[in-house]
Amino acid sequence: MAEDMTLLWGSGSPPCWRVMIALEEKNLQGYNQKLLSFEKMEHKSQEVLDINPRGQLASRQNLSCSSVADCLIPQLPTFKHGDNAVNESYAVCFYLESQFQSQGNKLIPDSPAAQALMYQRMFEGLTFYDKLNAVIYYEWFVPEGERHDSALKRNREALATELKLWEGYLEKLGAGSYLAGTAFSLADATVFPTVATLFRFGLSAERYPKLAEYHAVVKERPSVKASWPPHWLENPQGQDTLKDI
Ligand SMILES: N[C@@H](CCC(=O)N[C@@H](CS)C(=O)NCC(=O)O)C(=O)O
């Protein structure tokens, strides 16, 4: 089964990490995988373009990655199971759970209440991820002549507001909980990479103790450890961009 799967991924990319956590949780460790370097522009390779039509769109436009527009065209993860290509990280997570329901850990809870919470947190997680990116990749997303301190300040405030929401969610669920209750679910597979990136970029554990606790617990989970970004392992020192948020 896993031998029919191929994942092209980039180290430290939260969307790729979501898929890798789901694959681990479903006991699909034997998949073919290729780590591509964003720096070496390997995500623009023919191998990616063959599976991912968004990559083809980028190449047809003949843009280079020095162009902001091109860099906003997501190309990884690129995933294939047999002849089925799925290139959106959330879609891959749902696909894996649906195809391998009885294998590995169950990632969608049965109880309507837990399921509702899981879907809610998963999709709110996309807003959370966008707000994080708008701060840590501000210079990457916004061309030099269009940057304003006031805009970055607004983005930082929006992230702080978002962070307080997630602190509140975890506080309400109680110690040791996952994002949708007592069991690890797709909400955790999809949102944990955002949380880990926050701490990698210097988020204060003192200021956000519930997120810090959640991070400390989930980072020890075998699926998460097995898929930890290799360049983070090589260089455990992150950045301090978010230390004052
Ligand atoms: N919606 C996509 C987003 C994927 C995404 O943003 N991928 C980034 C890497 S984190 C990418 O491929 N960027 C292309 C580039 O940097 O040129 C998903 O969740 O799968």
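Chemist: So what exactly am I meant to see when it comes to helix 6 (residues 112-136) here?
Modeler: Counting along an α-helix, one turn takes 3.6 residues, and residues three or four places apart therefore face a common direction. With 25 residues, helix 6 extends 36 Å from end C-alpha to end C-alpha; this agrees with the ideal 36 Å at 1.5 Å per step. All buried positions along helix 6 are accounted for by Ala-114, Met-118, Arg-121, Met-122, Glu-124, Gly-125, Phe-128, Tyr-129, Leu-132, Asn-133, Val-135 and Ile-136. Buried residues in helix 6 make contact with helix 1 (14-25), helix 5 (89-99), helix 7 (138-141), helix 8 (149-173) and helix 9 (186-200).

Chemist: I would appreciate a short explanation of the site of the ligand in the present structure.
Modeler: Contacts to the ligand come from 16 residues, most closely from His-43, Gln-75, Leu-76, Glu-88 and Ser-89. Between the ligand and Gln-75, the relevant distance is 2.6 Å, taken from an oxygen atom to a main-chain nitrogen or oxygen of the residue. If the ligand stood free it would expose 510 Å²; the protein chains cover 81% of that surface. Its residues placed into classes, the shell around the ligand shows 8 nonpolar, 5 polar and 3 charged.

Chemist: For this particular structure, what's the right way to read the environment of Arg-156?
Modeler: Mapped onto the elements, Arg-156 comes out in helix 8. Those residues in contact with Arg-156 that lie beyond four places of it in its chain are Val-135, Thr-241, Asp-244 and Ile-245.

Chemist: How do you make sense of the pairing of strand 1 (residues 5-9) when you look at a structure like this?
Modeler: Here is the key point about a regular strand: its side chains alternate between the two faces of the sheet. For strand 1, the tally of buried residues reaches 4 of 5 residues, placing the bulk of the element in the interior. Here strand 1 runs beside strand 3 (residues 78-81); their pairing, made up of 4 bridges, is antiparallel. Note on strand 3: the bridge partner recorded for Leu-7 is Phe-79. In the sheet, strand 1 pairs with strand 2 (residues 32-35) via 4 bridges, with the strands oriented parallel. Within strand 2, the residue paired with Leu-8 across the bridge is Lys-34. Note on the crossover from strand 1 through helix 1 to strand 2: the handedness is right-handed.

Chemist: Mind showing me how you'd approach the packing of aromatic side chains here?
Modeler: Given two aromatic rings, one states the distance between the centres and the angle between the planes to describe the pair. On inspection of all chains with the given rule, the structure shows 14 aromatic pairs. Arranged with centres 4.8 Å apart and planes meeting at 15°, the rings of Phe-128 and Trp-166 form a pair that is stacked. With Phe-128 in helix 6 and Trp-166 in helix 8, this residue pair connects regions lying 38 residues apart in the sequence. The buried category is assigned to Phe-128, whose relative accessible area is 0%. On the basis of relative accessibility, which here comes to 0%, the residue Trp-166 falls in the buried class. The interplanar angle of 75° and the centroid separation of 6.3 Å between the aromatic rings of Tyr-137 and Phe-141 together place this pair among those described as edge-to-face. With a relative accessible area of 32%, Tyr-137 lands in the partly exposed category. An aromatic cluster is defined as three or more aromatic residues linked by ring pairs; in this entry it consists of Trp-17, Phe-192, Tyr-214, Trp-228 and Trp-232. A cation over a ring is seen here: Arg-221 above Phe-184, with NZ or CZ 4.0 Å from the ring centre.

Reading guide: rules and limits
Residues numbered from 1 in each chain as written. Predicted model: local features only at pLDDT ≥ 70, side-chain atom pairs only at ≥ 80, totals over all residues. Heavy atoms only, no water. Helix = DSSP H or I, 4+ residues; strand = E, 2+ residues; numbered from the N terminus. Expected span 1.5 Å × (residues − 1). Buried < 20%, exposed > 50% of the residue type's maximum accessible area, 1.4 Å probe, protein only. Contact = heavy atoms within 4.5 Å. Near = heavy atom within 4 Å. Polar contact = N/O pair within 3.5 Å; in protein donor to acceptor, adjacent residues only side chain to side chain. Areas by Shrake-Rupley, 256 points an atom, 1.4 Å probe, with all protein chains shown as cover. Nonpolar A, V, L, I, M, F, W, Y, C, P; charged D, E, K, R; others polar. Pairing = 2+ DSSP bridges. Right-handed = clockwise from strand over helix to strand, strands pointing away. Phe/Tyr/Trp six-rings, centres within 6.5 Å; stacked < 30°, edge-to-face > 60°. Lys NZ or Arg CZ within 6 Å of the ring centre and 35° of its normal.

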